[in-house]
Amino acid sequence: LAQRAQTILTMKESVDTLLAQTGLDIRLLRVPLRMLTTALVGEAESALDGDAAGGGANRGRRNPRQQGPAGPQEKNLLLRAMPSENWMSVLEPSLASRAYRAAVEIATSADEVDVAIDSLSHAVTRFPDQAVELAGDFLRRWETRLGPQNEVDPNQMMFIGFARDGMTSAPLTRGRQRRN
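Predicted model, so just to flag it, every value in this text is computed and none were measured.

**Q** Can you walk me through the packing of helix α5 (residues 93-109) against helix α6 (residues 113-126) in this structure?
**A** To characterise two packed helices, one gives the angle between the axes of the helices and the distance between these axes. Packing of α5 against α6 leaves a shortest axis separation of 7 Å and a crossing angle of 160°. Relative to α6, the element α5 is oriented roughly antiparallel. The two elements α5 and α6 cross, and the hand of that crossing is left-handed. Across from Pro93, Ala96, Tyr100, Ala103, Val104, Ala107 and Thr108 in α5, the residues of α6 making contact are Val113, Val115, Ala116, Ser119, Leu120, His122, Ala123 and Arg126.

**Q** What is the right way to read the pattern of salt bridges from this model?
**A** Side chains that carry opposite charge are capable of pairing whenever their charged atoms lie near each other. A complete count under the given rule lists seven salt bridges for this structure. In this structure, the salt-bridge partner of Arg101 is Glu133, at a minimum N-O distance of 3.2 Å. Taken together, the positions of Arg101 in helix α5 and Glu133 in helix α7 (residues 131-146) put the pair 32 residues apart, joining distant regions of the chain. Note on Arg101: relative accessible area 9%, which makes it buried. Overall, the relative accessible area of 46% leaves Glu133 in the partly exposed class. The salt bridge involving Glu105 is made with Arg141; its shortest N-O contact spans 3.4 Å. Highlighted residues: Glu105 in helix α5 and Arg141 in helix α7, separated in sequence by 36 residues. Both residues of the pair, Glu105 and Arg141, count as buried. In the salt-bridge network here, residues are joined through shared partners; they are Arg101, Glu133, Asp137 and Arg140.

**Q** I tried to follow α7 on my own but got confused; where do I start?
**A** Because the α-helix completes a turn every 3.6 residues, residues three or four places apart line up on one side. The end-to-end C-alpha distance of α7 is 22 Å, a good match for the 22 Å that 16 residues give at a rise of 1.5 Å each. Looking at the buried side of α7, the elements it contacts are α2 (30-48), α5 and α6.

Cut-offs and rules
Residues numbered from 1 in each chain as written. Predicted model: local features only at pLDDT ≥ 70, side-chain atom pairs only at ≥ 80, totals over all residues. Heavy atoms only, no water. Axes fitted to C-alpha atoms, helices over the stretch in contact; angles between N-to-C directions. Helix = DSSP H or I, 4+ residues; strand = E, 2+ residues; numbered from the N terminus. Parallel < 35°, antiparallel > 145°, perpendicular 65-115°, else oblique. Left-handed = near helix turned anticlockwise from the far one by under 90°. Contact = heavy atoms within 4.5 Å. Salt bridge = Lys/Arg side-chain N within 4 Å of Asp/Glu carboxyl O. Buried < 20%, exposed > 50% of the residue type's maximum accessible area, 1.4 Å probe, protein only. Expected span 1.5 Å × (residues − 1).

Structural data, given as structure tokens:
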């Protein structure tokens, strides 16, 4: 996974260099950028699948090539490989929305909350009708990151204290009451 993330980052840097050229008609690059963005977002969603209780559009997808959950190094590489605003402006709305969601979730998983909030603000500016859903996904992933689930459910501890109430014991007679 680290090698694929590094390759994607290299391609992203090449695209950024291409987009920085003056006099370039960015509309001519629409199809290649769409293909590259689809691959990048797919890889990000695949890396996020290893995280428990993630939010958003990546639920239920699994990359068969993936060997396990992505580590912090891979997530940081994928975060650096996310498309720039200039790049996002060329994409059609459905793919741009998916890319923003992946960028927010990768940044949150990589513990770069400032970057995630910045990406979220760009996404909400461009897609105000999806603001509640995007913010909800961000908050769910951030909450999961801050308070991971334990194997022991804290609500189960309540039942341990009441376990003796149901146990049978010898009845307390008046004679025992007086002696105690």
